[in-house]
Amino acid sequence: GLLTGAALAGLVAAAPAYAQCDSGEMVIKFSHVVAPQGNPKGEAATKLAQRINDEMNGVACMEVYPNSQLYNDDKVLEAMQLGDVQMAAPSLSKFEKYTKKLRIFDLPFLFKDIEAVDRFQMSDKGQELLGSMKSKGLLGLAYWHNGMKQLSANKPLIEPSDAAGLKFRIQTSDVLEAQFKALGANPQKMAFSEVYGALQTGVVDGQENTWSNIYTKKFYEVQDGITHTDHGIIDYLVVVSADWWTGLKPDVRDKLKKILLEVTRESNEASAAINEDNRKKILAAGTTIRELTPTQREDWVKAVEPVWTQFEGDIGADMIAAAKAANN
Ligand code: LMR
């Protein structure tokens, strides 16, 4: 008889969302850690695969593996260097082993909104950063937006002192580590797939993430509430192995690039609305969302200000100036 969905899922635990590759097609595995729906990256990856599989049928085929089912973000870049995965889009906070230049995206309160992030990424300086890992064999093809980060814990966070002494899960970024240390908190680097469990069991007290990640991974269920801080960003670098990419036939590469950039534009335009929709769902679930007064927000800005000077040497004062200019 037919297998039930659950039995089937058990048998083929790592079955990708799009697995209709035919023999003779070049297989492009895209691995990511977020939900396939309700998250800007998850939806963009799905759309990218659909378009490649429609428009490059017989030539190339993309398989998308969401929800960390194939690799977490620590492993995926190693797998890419070994040729086991061809495309990924880890958050910009996860490239520390490969470059310190991308640290700019983790500076707290640098960008006033996602439009400013977009302007900086599209500027000459922003585009220059796509090539910052060439010596490590990795090439950035595009930036994808998620959105602005919000802050939560198992108690209300209104003043910076409320965070002192709490344990916060962070992505693998020294800048984010410094940000929480500046608040007198204890940051802990941890894979995305482990955050819900760590919050639920009290291994950590709090976290920072976008509305879409907080909703689709249910973090709000195991937190006291969410403080609307917009204190930083989670955005992504669509990354490939430079050897693999330059080894492609020029017409195949051009077509892939064209589709990727079209999907990028559409997805980036939709990202703010996706996050707003997730914010409303968190509210509708009965979660408290706390708004800061301008004075309270200024207190948070001041508390984490030293982080900028700490990392200016790695990032470059000219880069920081260009990013700040994108706010206007
Ligand atoms: C995180 O680890 O919190 C994020 O980078 C996950 C993601 O890919 O949005």
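It should be noted that the structure appears before, not after, this text.
A brief look at the structure comes next. From a predicted model like this one, the values you see are computed outputs, not experimental measurements.

This paragraph deals with the overall build of the protein. Per the secondary structure count, the protein includes 13 helices and 10 strands. Taking 2.2 N^0.38 as the reference for a compact globule, 328 residues should give roughly 20 Å; the C-alpha atoms of the protein span a radius of gyration of 20 Å, in line with that estimate. Projected onto its principal axes, the C-alpha coordinates of the protein cover approximately 60 × 55 × 30 Å. In the protein, buried positions account for 53% of the 328 residues.

Attention now moves to the layout of surface pockets. Its volume calculated, the largest pocket comes out at about 350 Å³. If you go around the largest pocket, you meet 19 residues; those closest to its centre are Asp118, Met122, Thr264, Arg265 and Asn268. Broken down by element, the residue count for the lining of the largest pocket peaks at eight residues, all from helix α10 (residues 250–284). There is about 230 Å³ of room inside the second largest pocket. Considering the residues around the second largest pocket, the lining is formed by 15 residues, among which Met148, Trp211, Asp230, Ala272 and Asn275 are closest to the centre. Where the lining of the second largest pocket is concerned, the elements lending two or more residues are α4 (114–122), β4 (138–153) and α10.

Below, the discussion takes up the state of the cysteines. By definition, a disulfide links the sulfur atoms of two cysteines through a covalent bond. Scanning the model with the defined rule gives one disulfide in all. Shown here is the disulfide that connects Cys21 with Cys61, its sulfur atoms set 1.9 Å apart. Across the disulfide from Cys21 to Cys61, rotation about the S-S bond amounts to roughly -80°, and the bridge is consequently left-handed. One end of the pair, Cys21, is in the loop between α1 (5–11) and β1 (26–31); the other, Cys61, is in strand β2 (residues 60–65), and 40 residues separate them in sequence. Its relative accessible area of 2% is what places Cys61 among the buried residues.

Our next topic: the nonpolar core. Membership of the largest hydrophobic core comes to 46 residues, with the highest contact counts inside it found for Phe30, Leu48, Met62, Met87, Trp144 and Leu256. In terms of residues, this core owes the most to one element, α10, which gives six residues. Residues contacting Phe30, with those up to four places away along its chain left out, are Ala45, Leu48, Met62, Glu63, Val64, Tyr65, Met87, Ala88, Ala89 and Trp144. Ranked by size, the runner-up nonpolar core spans 38 residues in total, among them Leu77, Leu92, Phe105 and Ile320.

All right, on to the pattern of salt bridges then. The full count for this structure, using the stated rule, is 18 salt bridges. As a salt-bridge pair, Lys125 and Asp318 come within 3.2 Å of each other at their nearest N and O atoms. Taken together, the residues Lys125 in helix α5 (residues 124–128) and Asp318 in helix α13 (residues 317–325) connect sequence positions 193 residues apart. Assessed through its relative accessible area of 25%, Lys125 is described here as partly exposed.

All residues adjacent to the ligand are Val33, Val34, Lys41, Ser91, Lys94, Arg169, Gln171, Phe192, Asn209, Asn213, Ile234 and Tyr236. Isolated, the ligand exposes 270 Å² of accessible area, and the fraction of that covered by the protein chains is 100%. Grouping the constituent residues of the shell around the ligand by class yields five nonpolar, four polar and three charged.

Calculation criteria
- Residues numbered from 1 in each chain as written.
- Predicted model: local features only at pLDDT ≥ 70, side-chain atom pairs only at ≥ 80, totals over all residues.
- Heavy atoms only, no water.
- Helix = DSSP H or I, 4+ residues; strand = E, 2+ residues; numbered from the N terminus.
- Rg over C-alpha atoms; globule rule 2.2 N^0.38 Å.
- Buried < 20%, exposed > 50% of the residue type's maximum accessible area, 1.4 Å probe, protein only.
- 1 Å grid on protein atoms, 1.4 Å probe; cavity = no way out; pocket = protein on both sides within 12 Å on 5 of 7 lines; lining within 4 Å.
- Points joined across faces, edges and corners; volume = space filled by probe spheres on them.
- Disulfide = S-S within 2.5 Å.
- Core = buried A, V, L, I, M, F, W, Y, C linked by side-chain atoms within 4.5 Å.
- Contact = heavy atoms within 4.5 Å.
- Salt bridge = Lys/Arg side-chain N within 4 Å of Asp/Glu carboxyl O.
- Near = heavy atom within 4 Å.
- Areas by Shrake-Rupley, 256 points an atom, 1.4 Å probe, with all protein chains shown as cover.
- Nonpolar A, V, L, I, M, F, W, Y, C, P; charged D, E, K, R; others polar.

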